[in-house]
Every structure is written in structure tokens, then in C-alpha cells.
Amino acid sequence: MALLTVDFHTKSLARRTRMDVFLPSLNLGGCLKNQDPEYYQNKEETYPLIIFLHGFGDNEKAWQMNTQVLKLCEDNKIAACFINGENKWYLNLGPIDNYYSLVEEEVLDFLYGNFSCLSKKKPLVIAGVSMGGYGALYHYLKNVDKYAACVALSPAIRPDRLDESEIGTLKDLFLSNKGKELNVYLSVGESDFIIESSKEFNEFLVGNDLGVEYKFIPNRDHSWYTWAQEVFEVFKYLENIKN
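Residues numbered from 1 in each chain as written. Predicted model: local features only at pLDDT ≥ 70, side-chain atom pairs only at ≥ 80, totals over all residues. Heavy atoms only, no water.

Enquirer: Just to check I follow, could you spell out the side chain of Asn98 for this structure?
Expert: Relative to the assigned elements, Asn98 resides in the loop between strand 4 (79–83) and helix 5 (99–114). Classification of Asn98 as buried rests on a relative accessible area of 18%. (Helix = DSSP H or I, 4+ residues; strand = E, 2+ residues; numbered from the N terminus. Buried < 20%, exposed > 50% of the residue type's maximum accessible area, 1.4 Å probe, protein only.)

Enquirer: What is the right way to read the pairing of strand 3 (residues 49–53) from this model?
Expert: Where a strand is regular, its side chains alternate between the two sheet faces. Of all 5 residues in strand 3, 5 are buried, a share of seventy percent or more. Both faces of strand 3 are covered, namely the face carrying Leu49, Ile51 and Leu53 and the face carrying Ile50 and Phe52. With 5 bridges joining them, strand 3 and strand 4 adopt parallel strand pairing. Note on strand 4: the bridge partner recorded for Phe52 is Phe82. (Pairing = 2+ DSSP bridges.)

Enquirer: Help me out: how do you make sense of the packing of helix 5 against helix 6 (residues 131–142) in this one?
Expert: Packed helices, taken two at a time, are described by the angle between their axes plus the distance between the axes. The interhelical angle for the contact between helix 5 and helix 6, taken along N-to-C directions, is 55°, at an axis separation of 12 Å. Judged by the angle between their axes, helix 5 and helix 6 are oblique. When you trace helix 5 past helix 6, the crossing you get is right-handed. The segment helix 5 lies against helix 6, with Tyr99, Tyr100, Val103 and Glu104 engaging Tyr138, His139 and Lys142. Residues of the contact of helix 5 with helix 6, tallied by class, amount to 4 nonpolar, 1 polar and 2 charged. (Axes fitted to C-alpha atoms, helices over the stretch in contact; angles between N-to-C directions. Parallel < 35°, antiparallel > 145°, perpendicular 65-115°, else oblique. Left-handed = near helix turned anticlockwise from the far one by under 90°. Contact = heavy atoms within 4.5 Å. Nonpolar A, V, L, I, M, F, W, Y, C, P; charged D, E, K, R; others polar.)

None of this, on its own, says anything about what the molecule does.
Structure (C-alpha cells):
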């Protein structure tokens, strides 16, 4: 397992920011058995990539600290990027808080440009919880042809205190993709404080025949306890699209 902290300058934010990057690599046993002194230089294998978005009040460490996501990525030979989105909803809030551009342009350019084990020919997935769930849906629906799938766990349905007339609602974005095959894993706990808005949104999805609907989880709330369990189901869902 290789886990790197990347500290880099960004045009979108006009400052330095950080992200963590996980890359499949030899474990100790593999290192001890390896006979090729230029193993990584000679290796031609490439990996799918998942971009993980945290929720409000968290940072790029949240998924790693609260779930088994690194072990699951290692077992499934999937690369991962954990972005620090602060509390900015992964949107372009300008002039130096353009987090939508950060994700869609700079982060992907940096990763594909600097790591030969990542290839655009492999599936790209975006995943998030809560605020990050909103961000994952927003980015996916704006770029359906780019992403192989979206994972939104207990997603917020709209950004707090922001004018959606300028950015578009999730409902508008879903309708703009009607007729397309959407790969979205969408779940929420039945004890979550956003359950009523989630049920209303699910009625919209089903009523408009968008091919996406919620998974409602009994006895689960809006917490990492819920999402830590769900991440195992997420990787089962992704098994069909990772190659």
C-alpha cells in the first residue's frame, strides 16, 4: 500500500492545497519476493481511480480515518484520491474558491500527468458523503460521459445558503440526463435527519423514470458508523465497472 500526501499549488484556489493519493503497490511479502530492481518502472498495469469527497466540517483524512476504504482499494487494485474540499460544496464559488474546477481540471490533470499507473482508459468514479455526496452527484451529472459511476451516501440535496439558480439544482441535472444509463449508488439511513428530503427526492427520481433510486437503510443515521458499513456495499457495486 502506498499513500502519498500531495501539497501543490492550484490556479482554482490561488493557493496551495492538499490531497491524499492511494496507489496499489507491493506489500511486504511482494517486496521480499520481487526480483526486479526496476519493478515499478517496468510495470505496465494501470488502475481505476476513485475520487473521494468528504462531508461538511471534515477534510481529506475523513474517509481514511473512519472506514476501511484503503484496505478495500488495496484488495481491489483501485487507486484513490482524497480531496480537501473545505466547506465549499465542491462548487465554483469564486474568485479563489473554485472547487468544481479544482476537481474536474487540476486534480485530474495532476494525477494523470504524474502517475503512469493511472490511465483515462480505466474507469473513473466519484464518491462522497453528506456534503460530499451532493458534490459527487453534481460533478457526475455535469460530466456523465467522464465518470463510470457515482456513489452518494446520505447526500445533501441542495447546498446550504447558496443560490441554486446560478448553479442548477440536482433535479435539473438529473432531468438533463434523462434517457442516459446512469450508474449511481444512492443510500440514506432511515434514522437520518435528512430522511424526509431524501424520500421526497426519491419520489422525484422514481416518478421521472430516471433509473436511479435510493437504498433506505433501517436503523442507520447520518454518521460515519453508517457510511463505514456502506462502503463494503459500495465496493460490491463497483465490481462490475472497475475494469
